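Summary of structural features
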Amino acid sequence: MAASSAPRAGLSALRPSAFGAEPAGERMARIRRSPHFANGVFQNPGGPARMRPSGSGRDMAKQFLDKDSRSRRAPRGAIPVHPTTLADLSRPPATGLRLTWMGHSSVLAEIDGQRVLFDPVWGERCSPFPFAGPKRLHPVPLPLAALGPVDVVVISHDHYDHLDMPTIKELAGTDTVFAVPLGVGAHLERWGVSADRLRELDWQETTRVGRLTLTATPARHFCGRGLRNTQHTLWASWVVAGERHRIYHSGDTGYFEGFRDIGAAHGPFDATMIQVGAYSEFWPDIHMTPEEGVRSHLDLQGGRPGGVLMPIHWGTFNLAPHAWAEPGEWMTDAAGAAGQAVAFPRPGAPFEPGGELPTEPWWRPLTRPVPRVWNTGGPSRSEETPSGDLDLAGDR
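First things first, this report covers the structure right here in the doc. (Residues numbered from 1 in each chain as written. Predicted model: local features only at pLDDT ≥ 70, side-chain atom pairs only at ≥ 80, totals over all residues. Heavy atoms only, no water.)

Broken down by element type, the protein chain carries 10 helices and 16 strands. Looking at the protein chain residue by residue over its 396 residues, the buried ones come to 55%. For the protein chain, the share of sequence-separated contacts (at least 6 apart) that also reach a separation of at least 24 residues comes to 68%. (Helix = DSSP H or I, 4+ residues; strand = E, 2+ residues; numbered from the N terminus. Buried < 20%, exposed > 50% of the residue type's maximum accessible area, 1.4 Å probe, protein only. Contact = heavy atoms within 4.5 Å.)

Before going further, it helps to examine unusual backbone geometry. A cis amide bond links Gly-267 with the next residue in sequence, Pro-268, at an omega value of -5 degrees. Note that Pro-268 resides in the loop between α8 (258-266) and β13 (271-275). The phi torsion at His-104 lies on the positive side, around 55 degrees, for a residue other than glycine. At Asp-112, a residue that is not glycine, the phi angle is positive and equals roughly 50 degrees.

A complete count under the given rule lists 12 salt bridges for this structure. A salt bridge links Arg-30 to Glu-205, with the nearest nitrogen and oxygen atoms 2.7 Å apart. Of this pair, Arg-30 sits in helix α2 (residues 25-33) while Glu-205 sits in the loop between β8 (198-201) and β9 (206-209), and the two are 175 residues apart along the sequence. Sharing partners across several salt bridges, the network here consists of Arg-27, Glu-189 and Glu-200. (Salt bridge = Lys/Arg side-chain N within 4 Å of Asp/Glu carboxyl O.)

With the rule as written, the count across this model stands at 14 aromatic pairs. Both rings, one in Trp-324 and one in Trp-362, keep their centres 6.2 Å apart while their planes meet at 65 degrees; by these two values the pair is edge-to-face. Residue Trp-324 is located in the loop between β14 (308-312) and α10 (326-338), and its partner Trp-362 is located in the loop between α10 and β15 (370-372); the two are separated by 38 residues in the primary sequence. The burial state of Trp-324 is the same as that of Trp-362; both residues are buried. Site record: aromatic cluster; members linked through ring pairs are Trp-101, Trp-314, Trp-324, Phe-344, Trp-362 and Trp-363. Directly above the aromatic system of Tyr-255 lies the positively charged group of Arg-295, at a separation of 4.6 Å from the ring centroid. (Phe/Tyr/Trp six-rings, centres within 6.5 Å; stacked < 30°, edge-to-face > 60°. Lys NZ or Arg CZ within 6 Å of the ring centre and 35° of its normal.)

Pairing within the open sheet is mixed, and its 6 strands lie in the order β3-β4-β5-β6-β7-β8. Each edge of the open sheet is held by one strand with a lone partner, namely β3 (97-103) and β8. Between one strand and the next, the sheet's axes are offset by a mean angle of 20 degrees, whatever the strand orientation. Where β3 lies against strand β4 (residues 106-111), 6 bridges are found, and the strand directions are antiparallel. In the sheet register, Leu-97 faces β4, and the bridge partner there is Ile-111. (Pairing = 2+ DSSP bridges. Axes fitted to C-alpha atoms, helices over the stretch in contact; angles between N-to-C directions.)

With that settled, the discussion passes to the pairing of strand β10 (residues 212-217). Most of β10 is tucked away, with 5 of its 6 residues classed as buried. Sheet topology note: the β9/β10 ladder contains 4 bridges and is antiparallel. Its bridge partner being in β10, Thr-206 is matched across the sheet by Thr-215. In this antiparallel pair of consecutive strands, β9 and β10, the connection spans 2 residues, and Gly-210 shows a positive phi of 60 degrees. Relative to strand β11 (residues 237-241), β10 runs antiparallel, the two sharing 5 bridges. Within β11, the residue paired with Thr-217 across the bridge is Ser-237.

Turning our eyes to something else, we now look at the packing of helix α9 (residues 290-300) against α10. In contact at an axis separation of 8 Å, α9 and α10 are set at 40 degrees when each is read in the N-to-C sense. By the angle class used here, α9 and α10 are oblique. Classified by chirality, the crossing of α10 by α9 is right-handed. On α10, the residues touching Pro-290, Glu-291, Val-294 and Leu-298 of α9 are Pro-327, Trp-330, Met-331, Ala-334, Ala-335 and Ala-338. (Parallel < 35°, antiparallel > 145°, perpendicular 65-115°, else oblique. Left-handed = near helix turned anticlockwise from the far one by under 90°.)

It is worth spelling out α10 at this point. Residues lying three or four places apart along an α-helix face the same way, a consequence of the helix completing one turn every 3.6 residues. For α10, with 13 residues, the first-to-last C-alpha span of 18 Å sits near the 18 Å given by 1.5 Å per residue. Most of α10 sits inside the fold, with 10 of its 13 residues counted as buried. Looking at α10, one finds that the buried residues are Glu-326, Pro-327, Gly-328, Glu-329, Trp-330, Met-331, Thr-332, Asp-333, Ala-334 and Ala-335. (Expected span 1.5 Å × (residues − 1).)

A few words now on the side chain of Thr-272. Within the fold, Thr-272 resides in strand β13. For Thr-272, the contacting residues outside a window of four places in its chain are Tyr-248, His-297, Leu-300, Val-308, Leu-309 and Met-310.

A few words on the sheet that holds strand β12 (residues 246-249). In space, the 6 strands of this open sheet follow the order β9-β10-β11-β12-β13-β14, with mixed pairing throughout. Either end of the sheet is taken by a strand with one partner, and the two such strands are β9 and β14. This sheet shows a mean twist of 20 degrees between the axes of neighbouring strands, independent of strand direction. With respect to the sheet, α9 is in contact with β12, β13 and β14, its orientation differing from that of β13 by roughly 145 degrees.

Here it is in structure tokens:
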């Protein structure tokens, strides 16, 4: 037995630290008891979701490598990052709720006197290696150490663009609590977070942090960091409820009917942070288009416009074949057609959903014309609208 276990121990020692750790022991036993775990893997709501590109690999490679397509997937100049300062964050929000989008899916939410940090990624690349992988299109708005005390860090799932080892290691040196989906705690423990600071939840489970109630809610996605994806860590969206306000962070997800159930159980919300970037026809089940993002927000609000939608998961990393600015333009149309308030803050610029919203399309000076090929409730359109000259009153 000793001889047979030695190779496994050797391979484990060679495993890059950024890959994290596989759940084991009581953590794995708890995973097996989950009603969402079957046939050795976590299951998606609504049935199996395509987690790998469908269709021709040659077609996908052609789209990714096309010279014109590549040129559209990055800004033509410096993204206007707001350099977040202590003055921005030191005064309490007048309305009791303030959001600061740090880029991609990273958001600092100040809610009813407490501070929640969602999916913090301060690394230069979303990759296990510092020399390869998608690189930031803009710098972080401020150093992590300058953010100030955080009551709870919330992680949606273990993909590199949501769970960043260097960021977690730095936060491990603070006294913050970490709320994570089932199984993800194994990664954090390997990186120095003590077990007593972990709140590891299955879908529909709830924990209290100070005066906040946090609930892990379903999402339609997948997981995995290493070369062998065992599907043993859960993915989740999150509801955070304070004494006066309620907010929702979608994590990564495809559209599914469960948004209505989440809204009925926990909504309506003062603000939602909805994933609307890195979508593709090659993986339609696990990421949402802006039109689907608006639909999910309306579902969360009981079927009608309400609260404020802030699009996330776009503008920071090049992860899909669509144009860099397309999520912003499409969201402008989709939200406008639905009569839904939407916020477009520059990275690092705090705003209060109950106050004046940032709505300037700041990305337009930095992009080539964006092809208009989507349909948001009216006649289909396939044209290019020059940046800075978007027709908001035309056919949808």
